[in-house]
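Coordinate inspection notes
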Amino acid sequence: MLKQIQEALLSGKKDEVEKLVDQALASGLSAAGILNQGLIAGMERLGIMFKNNEVFIPEVLVAARAMNAGMAKLEPLLIKEGIQPKGAVVIGTVKGDLHDIGKNIVAMMLKGAGYKIIDLGIDVSPEKYVAAAKENRANIVALSALLTTTMVQMKNVVEAVKGAGLGIPVIIGGAPLTRDYADQIKAQGYAPDAASAVEEVGRLLAR
Ligand code: B1M
């Protein structure tokens with residue numbers, strides 16, 4: 001049944017995922033088991049396929065929608081079971097930038113990998129990232145930018161996070177970004193795509 005959940009997720013069949021999650025719960029499987037071996041395992045497979053250009057953005061978006069539908073069923077039970085997320089990620093598109101498709105995919109993949117996501121949306125000021133990171137005791141701040149004119153905002157966020165003494169890493173990404181630029185502005189993490197972002201967040205939080 002867990003394999004069936006993965007397959008339904010990969011095909012983006014939201015109603016099917018919901019139905020199978022209900023069936024799995026009724027058959028006595030734990031919410032954590034369904035999450036880890038069904039939904040997250042499915043998203044991991046999708047991440048690999050996305051990286052290998054076997055699926056593209058539309059497939060990722062419908063799969064993520066199916067994932068969210070399954071998650072909505074499991075969330076109250078997970079809280080009851082006392083399952084802790086792997087960490088809290090504050091994510092947003094930087095100030096002046098309205099592009100959010102890539103950021104949303106990164107957020108969905110991280111959610112799929114078991115992180116709590118605090119999504120601040122678009123046009124996010126450095127102060128807002130810092131306030132949200134403090135309020136949610138975030139483990140990492142994730143920045144997206146699509147414009148060469150807005151990527152320069154990332155340096156301000158890195159400095160604001162450091163200045164606030166939060167002691168947490170910042171990961172950046174978006175089409176115009178590079179690892180060199182991350183090094184230049186002293187951001188601890190960089191990822192070129194959503195699947196790599198999941199790996200990079202895992203690497204940064206394991207340090
Ligand atoms: Co805009 N736009 N846009 N646009 N737009 C680009 C980015 C552009 C390259 C188009 C072009 O000229 N060829 C160009 C930027 C040029 C530059 O700066 N070098 C551009 C421009 C100029 C503009 C405007 C200035 C146009 C104008 O008004 N004159 C304007 C700016 C508005 C603003 O932000 N202030 C503008 C507006 C818009 C729309 C609103 C119309 C729309 C955005 C809608 C939305 O996002 N809700 C839009 C779109 C759709 C695009 C293109 C066509 C597509 C972007 C996209 O969604 N890609 C884009 C051209 C292109 O890329 N082909 C373009 C798909 C998405 C999945 O990829 O976002 O790269 P991406 O995300 C990837 C990775 O980058 C990475 O993972 C994602 C998944 O693999 N990633 C991360 C992203 N964030 C990450 C964070 C991470 C890690 C990885 O860690 C935290």
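Residues numbered from 1 in each chain as written. Predicted model: local features only at pLDDT ≥ 70, side-chain atom pairs only at ≥ 80, totals over all residues. Heavy atoms only, no water.

1. Considerations on the overall build of the chain
Looking only at helices and strands, the chain has 9 helices and 5 strands in total. Start at the N end of the chain and walk to the C end: the helices and strands fall as α-α-α-α-β-α-β-α-β-α-β-α-β-α. Since a compact globule built from 207 residues should have a radius of gyration of about 17 Å, the 17 Å found for the chain is in line with a globular shape. Overall, the chain is about 50 × 35 × 30 Å in size when its C-alpha atoms are taken along their principal axes. Looking at the chain residue by residue over its 207 residues, the buried ones come to 49%. If you take every contact in the chain between residues at least 6 apart in sequence, the share linking residues at least 24 apart comes to 70%. (Helix = DSSP H or I, 4+ residues; strand = E, 2+ residues; numbered from the N terminus. Rg over C-alpha atoms; globule rule 2.2 N^0.38 Å. Buried < 20%, exposed > 50% of the residue type's maximum accessible area, 1.4 Å probe, protein only. Contact = heavy atoms within 4.5 Å.)

2. Describing the coordination of the cobalt atom of the ligand
Just one protein atom donates to the cobalt atom of the ligand; it is His 99 (NE2), sitting 2.2 Å from the metal. If you trace the backbone, His 99 turns up in the loop between β1 (88-93) and α5 (101-112). (Donors = N, O, S within 2.8 Å, 3.2 Å for Na, K, Ca; no water.)

3. Notes on the site of the ligand
Looking at the ligand, there are 27 residues lining it, with Leu 98, His 99, Asp 100, Ser 144 and Thr 148 nearest. The separation between a nitrogen atom of the ligand and a polar main-chain atom of Gly 96 is 2.9 Å. Here a nitrogen atom of the ligand and a side-chain polar atom of Asp 100 are 2.7 Å apart. Among the elements that line the shell around the ligand, the one with the most residues is α5, at 4 residues. In terms of residue class, the shell around the ligand is built from 17 nonpolar, 7 polar and 3 charged. (Near = heavy atom within 4 Å. Polar contact = N/O pair within 3.5 Å; in protein donor to acceptor, adjacent residues only side chain to side chain. Nonpolar A, V, L, I, M, F, W, Y, C, P; charged D, E, K, R; others polar.)

4. Details of the domain arrangement of the chain
When its domains are assigned, the chain resolves into domain 1 (2-81) and domain 2 (88-206). Measuring from the centre of the C-alpha atoms in domain 1 to the corresponding centre in domain 2 gives 25 Å. Facing 13 residues of domain 1, the contacting portion of domain 2 comprises 13 residues. Across the domain 1/domain 2 interface, buried area totals approximately 1,100 Å², and carbon plus sulfur atoms make up 76% of it. (Domains from an automatic or database assignment. Buried area = accessible area lost by both parts, 1.4 Å probe.)

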